[in-house]
Amino acid sequence: MPRKRLRWASICRSLLFDFANAPSPHEAFASLKDNLELRGFSITDADPNILNNEYDRLRTLLSELSSSDSLFDSEVIDHYTAHYEAVRPPITIRDRHSIGEDLPFSNDGKPFFYDFITYCVIKLLSDERSIQLIHRCENPICNKFFLSKRAKKKGPGGIRFCSDKCRLNFHNKIRIESGEHAAYKRRKRAEGATESYYG
């Protein structure tokens, strides 16, 4: 029975963000391998040097894209596009009504880790809308890459945090460090409010 065609653009996007947001290259690879195995695929083990380089390279790429939506003048993008040219899959007829690129590896074969990451990066870069939605959380405790529902916007009203939890954590820390929170508590205490009210 033929395997159901997977939506690789969406899968690749998800896998890349999980990989880049992992705390270490080793954890990133373990997560990638587990996610692929859930979909019936496997990849070759990664050489530690290649794994470390890819982890850093992907984080650099997402960092560049989170601050700009231009693909020009990026050595990282040049690196991925050059490698993709070497492993690029042929365009084939999928059915009576469409053509498309196959995966750069067969369902039965094990792709090389580096080839698979390159394929996923090209899938991400091929989607102009996704590029405009890449952000990096400004909460220093988090600092994760994420896709928002709105495109990047500079200045007030721009998307700065991956969640309300990160937004509140970031602003509360500033209030505590600046003394604003202590002043607020003193003022409420002087007004006679109970402590549970002003926390």
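Residues numbered from 1 in each chain as written. Predicted model: local features only at pLDDT ≥ 70, side-chain atom pairs only at ≥ 80, totals over all residues. Heavy atoms only, no water.

Here the structure, examined in full by the defined rule, presents 5 salt bridges. The residue Arg13 makes a salt bridge to Asp127 at a minimum N-O spacing of 3.4 Å. Taken together, the positions of Arg13 in helix H1 (residues 8-21) and Asp127 in the loop between helix H5 (113-125) and helix H6 (128-132) put the pair 114 residues apart, joining distant regions of the chain. Judged by its relative accessible area of 22%, Arg13 falls in the partly exposed class. (Salt bridge = Lys/Arg side-chain N within 4 Å of Asp/Glu carboxyl O. Helix = DSSP H or I, 4+ residues; strand = E, 2+ residues; numbered from the N terminus. Buried < 20%, exposed > 50% of the residue type's maximum accessible area, 1.4 Å probe, protein only.)

Further remarks concern the packing of H1 against helix H2 (residues 25-38). The geometry of H1 relative to H2 is characterised by a closest axis approach of 9 Å and an angle of 155 degrees between their N-to-C directions. Classified by the angle between their axes, H1 and H2 sit roughly antiparallel to one another. Crossing geometry of H1 relative to H2 is assigned as right-handed. Of the residues in H2, those in contact with Trp8, Leu15, Asp18 and Phe19 of H1 are Ala28, Phe29, Ser31, Leu32, Asn35 and Leu36. Counted by class, the contact of H1 with H2 contains 7 nonpolar, 2 polar and 1 charged residues. (Axes fitted to C-alpha atoms, helices over the stretch in contact; angles between N-to-C directions. Parallel < 35°, antiparallel > 145°, perpendicular 65-115°, else oblique. Left-handed = near helix turned anticlockwise from the far one by under 90°. Contact = heavy atoms within 4.5 Å. Nonpolar A, V, L, I, M, F, W, Y, C, P; charged D, E, K, R; others polar.)

Residue classification places Asp127 among the partly exposed residues on the basis of a relative accessible area of 29%. Taking C-alpha positions, Asp127 is 8.4 Å from Ala9, a pair spaced 118 residues apart along the chain.

Under the 1.5 Å per step criterion, the end-to-end length of H1 is 20 Å for 14 residues, consistent within 8% with the ideal 20 Å. For H1, every residue scored as buried is listed here: Trp8, Ile11, Cys12, Leu15, Leu16, Phe17, Phe19, Ala20 and Asn21. Of the surrounding elements, those touching the buried residues of H1 are H2, helix H3 (48-67), H5, strand S3 (134-136) and strand S4 (145-147). (Expected span 1.5 Å × (residues − 1).)

This part is about the state of the cysteines. This structure, assessed with the given rule, holds 0 disulfides. This cysteine, Cys142, is not joined by any disulfide, and Cys162 carries the nearest cysteine sulfur, 3.6 Å off. (Disulfide = S-S within 2.5 Å.)

This next bit is on the side chain of Thr44. Along the chain, Thr44 falls in the loop between H2 and H3. With near-sequence residues (within four places) excluded, Thr44 lies in contact with Phe29, Lys110, Pro111, Phe112 and Phe113.

Inspection of every chain in the model, using the stated rule, returns 6 aromatic pairs. Ring geometry for Trp8 and Phe41: centres 5.2 Å apart, planes at 85 degrees, overall edge-to-face. Placement of Trp8 in helix H1 and of Phe41 in the loop between H2 and H3 is noted, with a sequence separation of 33 residues between them. On the basis of relative accessible area, Trp8 is assigned to the buried category, the value being 8%. A residue is classified by how much of its surface remains accessible, and Phe41, at 5% relative accessible area, is buried. Here Phe161 and Phe170 contribute two aromatic rings whose centre-to-centre distance is 5.1 Å and whose plane-to-plane angle is 50 degrees, an arrangement assigned as tilted. Each member of the pair, Phe161 as well as Phe170, carries the same accessibility label: buried. (Phe/Tyr/Trp six-rings, centres within 6.5 Å; stacked < 30°, edge-to-face > 60°.)

Next up on the list: unusual backbone geometry. Positive phi, close to 60 degrees, is recorded for Asn143, a residue that is not glycine. When you line up the elements, Asn143 lands in the loop between S3 and S4.

What follows concerns the nonpolar core. Leu32, Leu58 and Phe113 are the most contacted members of the largest nonpolar core, which has 39 residues in total. Put simply, the parts of the chain that give this core at least two residues each are H1, H2, H3, helix H4 (75-87) and H5. In terms of residue count, H5 provides more of this core than any other element does, 9 residues in total. Those residues in contact with Leu58 that lie beyond four places of it in its chain are Leu16, Phe19, Ala20, Tyr80 and Val121. If you look at the next biggest cluster of nonpolar residues, it comprises 6 residues, including Cys137, Ile159, Cys166 and Phe170. (Core = buried A, V, L, I, M, F, W, Y, C linked by side-chain atoms within 4.5 Å.)

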